[in-house]
Protein chains: 2
Amino acid sequence: MPSRRTARVGDLTLGGGAPIVLQSMTNTDPRDAEATAAQALALAEAGCDMVRIAVPDLDAAAATREVRRRLGRLPLVADVHYDHRVAVAVAPYVDKIRLNPGTLRGRAALDDVAKALRDHGTALRIGANSGSLPPGFEAPPHLLPTRLCDAVADWVARFEDAGCEDLVVSVKATSTTATLAACREAARRFDHPLHIGLTEAGTARTGAIRSAAILGALLAEGVGDTIRVSLAGDPIEEVRVGQEILRSLGLRPEADRVLACPTCGRARMDVAVVAATVEAALGTRRGTRTVAVMGCEVNGPGEARHADMAIVGTRDGAAFYRGGKVVLQGTADEALKALIAALDDGIPAHD
Amino acid sequence: MPSRRTARVGDLTLGGGAPIVLQSMTNTDPRDAEATAAQALALAEAGCDMVRIAVPDLDAAAATREVRRRLGRLPLVADVHYDHRVAVAVAPYVDKIRLNPGTLRGRAALDDVAKALRDHGTALRIGANSGSLPPGFEAPPHLLPTRLCDAVADWVARFEDAGCEDLVVSVKATSTTATLAACREAARRFDHPLHIGLTEAGTARTGAIRSAAILGALLAEGVGDTIRVSLAGDPIEEVRVGQEILRSLGLRPEADRVLACPTCGRARMDVAVVAATVEAALGTRRGTRTVAVMGCEVNGPGEARHADMAIVGTRDGAAFYRGGKVVLQGTADEALKALIAALDDGIPAHD
């Protein structure tokens with residue numbers, strides 16, 4: 001059930017069955033336009049479709065004008081809290097503004113923001129978070145999903161009444177199970193594009209796993225039109241994790257990838273080391289080649305036949321496969337060298 | 001749709017709505033009973049419910065007797081390929097044997113294995129993999145999910161005819177989307193407990209994300225009774241990732257956990273470093289405490305009120321919260337020291 005409505009965000013379309021949009025957020029000083037634009041471009045290069053910037057004050061809003069200039073048409077989003085004047089000031093320079101019903105209030109303030117959105121064709125995400133529910137919407141845990149959606153519904157009605165059309169909604173909680181329930185309820189209650197993600201997901205390691213489990217579950221149900229993986233750390237890692245989630249579900253084309261067997265008592269070489277070396281050698285290459293690294297003869301030859309290249313542990317060392325056929329038998333090091341040389345040849349997939 | 005039948009594996013019940021069983025696999029030399037048993041115990045200590053061992057030959061089968069002796073009642077599974085005599089030899093010492101229809105054939109061989117399973121009350125997992133489909137079941141990619149299930153169905157019929165009752169099934173492919181489709185088809189076609197996982201998922205980093213996305217999707221649909229996360233690397237990491245997936249979906253009680261905000265331009269301290277320090281300090285403590293690490297005042301105070309302890313970045317440094325209230329204001333280092341001291345006090349959750 002992708003959303004029935006769409007929202008236009010710069011050159012992107014969110015919702016209505018469009019490809020899932022991957023976002024991330026800069027963590028540079030938002031008053032430093034040069035650093036912020038550089039990080040935004042690095043995120044785009046890594047595969048991020050839409051970049052969000054925290055815009056905490058009017059100085060940052062002014063700096064966003066220069067960020068916009070440096071980014072060209074890269075879809076840009078401003079995250080604004082507390083001060084509606086910041087949203088009004090930044091509206092000309094961004095494609096979407098994210099506001100939280102829990103951190104901005106007052107009828108006059110909303111009217112000013114709505115006018116700025118209309119004047120500049122800027123989209124709006126109305127995003128409620130469990131950590132900042134507006135007064136009157138607080139809830140015991142079992143009602144949290146519904147109250148998050150209620151807070152969003154209240155603002156959707158206000159902004160639609162004010163003539164704003166490109167609306168996106170989100171409901172996030174630190175509890176993974178509450179987030180699942182809230183997003184499913186939002187998908188039923190709203191026909192607007194839905195932004196999904198876990199808020200405060202955790203360290204890079206555990207946050208990636210939690211996000212993949214919950215976003216995987218939601219996306220497989222058809223819930224969600226745009227995702228962000230929130231990790232404490234380098235936002236480039238957020239993009240990598242987000243891409244891997246989308247690829248796993250067949251929602252984004254595969255890049256070159258490494259299949260590696262999990263290693264067990266049968267492994268005849270150090271699969272983890274060989275696989276990590278191959279993954280590093282692939283680097284940021286774009287393509288659709290599959291490289292299999294398999295420890296032994298149980299599934300090794302079968303996987304090697306289906307992969308573009310493979311290294312399979314054997315009784316005597318390792319075999320290097322290319323196009324499904326053994327082309328070298330030797331030590332694991334020799335097989336690895338042959339494989340990396342073949343990668344550098346730039347041979348196309350399924351040669 | 002949890003399976004309607006159950007399978008008994010030692011003291012565990014798989015399927016029929018029982019808690020999802022988490023497994024992993026040793027990667028020691030299976031002929032080295034001391035090392036294998038030590039790793040199996042370490043896996044159990046980390047939260048693994050059932051430990052699998054590769055048993056490639058009769059020497060390894062003999063060593064498994066000693067592994068069994070050292071493990072007591074820890075549920076133990078043997079992974080056997082090619083030689084049915086190994087399955088017969090190891091049946092007395094393990095609670096389940098995993099066989100692959102693609103690596104074992106012959107009517108007489110299956111009859112011998114079935115007799116050993118019956119004689120010793122040993123369960124059987126019939127597990128087909130895309131890398132080793134039996135002759136006659138090969139398939140073009142779009143038919144792979146069905147042909148994997150067909151290969152399993154063929155063996156289910158044979159072993160049920162031979163009087164074996166504790167059967168578990170699995171269908172795995174290196175393609176994540178084929179695995180999703182195959183597991184959904186298996187859940188429809190079989191009423192036996194279903195083991196789910198990606199085969200050859202990849203390096204520890206990407207394999208964890210792919211596994212979480214696919215297992216998260218399946219478990220959220222109610223598909224799967226036991227999981228393994230296959231990673232090239234330390235199997236302890238497989239257990240950590242598997243637990244995190246189950247916890248994310250509310251399928252396993254939470255341990256102490258760290259919530260961390262993703263950091264953005266607003267962060268007033270290095271959230272990633274503080275969060276990683278707290279996660280390391282929690283270590284393997286079992287409990288249900290939530291520690292929030294939040295960079296700024298937007299969602300910080302709200303999350304801190306709901307967490308057992310928290311560090312929130314402020315304009316002047318950081319605040320340490322306990323039980324929802326600020327108990328210290330100082331530098332981020334001072335707040336971190338106070339938090340770690342409070343952890344070491346062993347105060348209970350929601351004190």
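This text gives an overview of the structure that appears in the document. These figures come from a predicted structure and were not determined experimentally. (Residues numbered from 1 in each chain as written. Chains lettered and ligands numbered in written order. Predicted model: local features only at pLDDT ≥ 70, side-chain atom pairs only at ≥ 80, totals over all residues. Heavy atoms only, no water.)

With respect to the pairing of strand E15 (residues 325-330) of chain B
All names here are of chain B. For clarity, the cut-off: We call two strands paired when DSSP finds no fewer than two bridges between them. Strands here mean DSSP runs of E at least two residues long; helices mean DSSP runs of H or I at least four residues long; both are numbered from the N terminus.
As judged from the five bridges shared by strand E14 (residues 317-322) and E15, these two strands associate in the antiparallel manner. Pairing of Phe320 across the sheet is with Leu328, part of E15. Counted between consecutive antiparallel strands, the loop separating E14 from E15 contains two residues, among which Gly323 sits at a positive phi close to 60°.

Brief notes about unusual backbone geometry
Positive phi is not limited to glycine here, since Tyr82(A) has a value of about 75°. Tracing the chain through its elements places Tyr82(A) in the loop between strand E5 (76-79) and helix H3 (84-90).

Thoughts on the relation of the copies chain A and chain B
Put simply, the rule reads: We place the copies in one frame by least squares, fitting the C-alpha atoms of every residue whose pLDDT is at least 70 in both. Contact criterion: two residues are considered in contact whenever any of their non-hydrogen atoms come within 4.5 Å of each other.
When chain A is fitted onto chain B, the two copies agree to an RMSD of 0.0 Å after a turn of 180° and an axial shift of 0.0 Å. Considering both components of the superposition, the chain copies are consistent with a two-fold axis. Judged by C-alpha distance, Ala217(A) is the residue of chain A that lies nearest the rotation axis, at 1.8 Å. Of all interface residues in chain A, 100% are interface residues in chain B too; the two copies therefore contact each other through one and the same surface.

A short note on the pairing of strand E8 (residues 167-172) of chain B
All names here are of chain B. How we decide: Note on exposure labels: buried denotes an accessible area under 20% of the residue type's maximum, exposed denotes more than 50%, and partly exposed covers the range between, all computed with a 1.4 Å probe on protein chains only. Classification remark: right-handed applies to a crossover when, strands pointing away from the viewer, the course from the first strand over the helix to the second runs clockwise.
Buried residues dominate E8, accounting for six of its six residues. The side-chain alternation of E8 yields two buried faces, one formed by Leu167, Val169 and Val171 and the other by Val168, Ser170 and Lys172. Two strands pair when backbone bridges link them, and strand E7 (residues 123-129) and E8 are joined in this way by six bridges, in the parallel orientation. Bridge pairing in E8 links Gly127 to Ser170. Crossover E7 to E8 through helix H5 (residues 144-161) is right-handed.

Focus: the packing of aromatic side chains
Residues and elements named next belong to chain A. Operational definition: Planes of paired rings set the category: under 30 degrees apart is stacked, over 60 is edge-to-face and the rest tilted, where pairs are Phe, Tyr or Trp rings (Trp by its six-membered ring) whose centres lie within 6.5 Å.
This model, assessed by the stated rule, comprises two aromatic pairs over all chains. Look at Trp155 and Phe159: their rings are 5.5 Å apart centre to centre, the planes differ by 55°, and that puts the pair in the tilted class. Of this pair, Trp155 and Phe159 are both found in helix H5 (residues 144-161), four residues apart, which corresponds to roughly one turn of the helix. Look at Trp155 and you get buried, because its relative accessible area is 4%.

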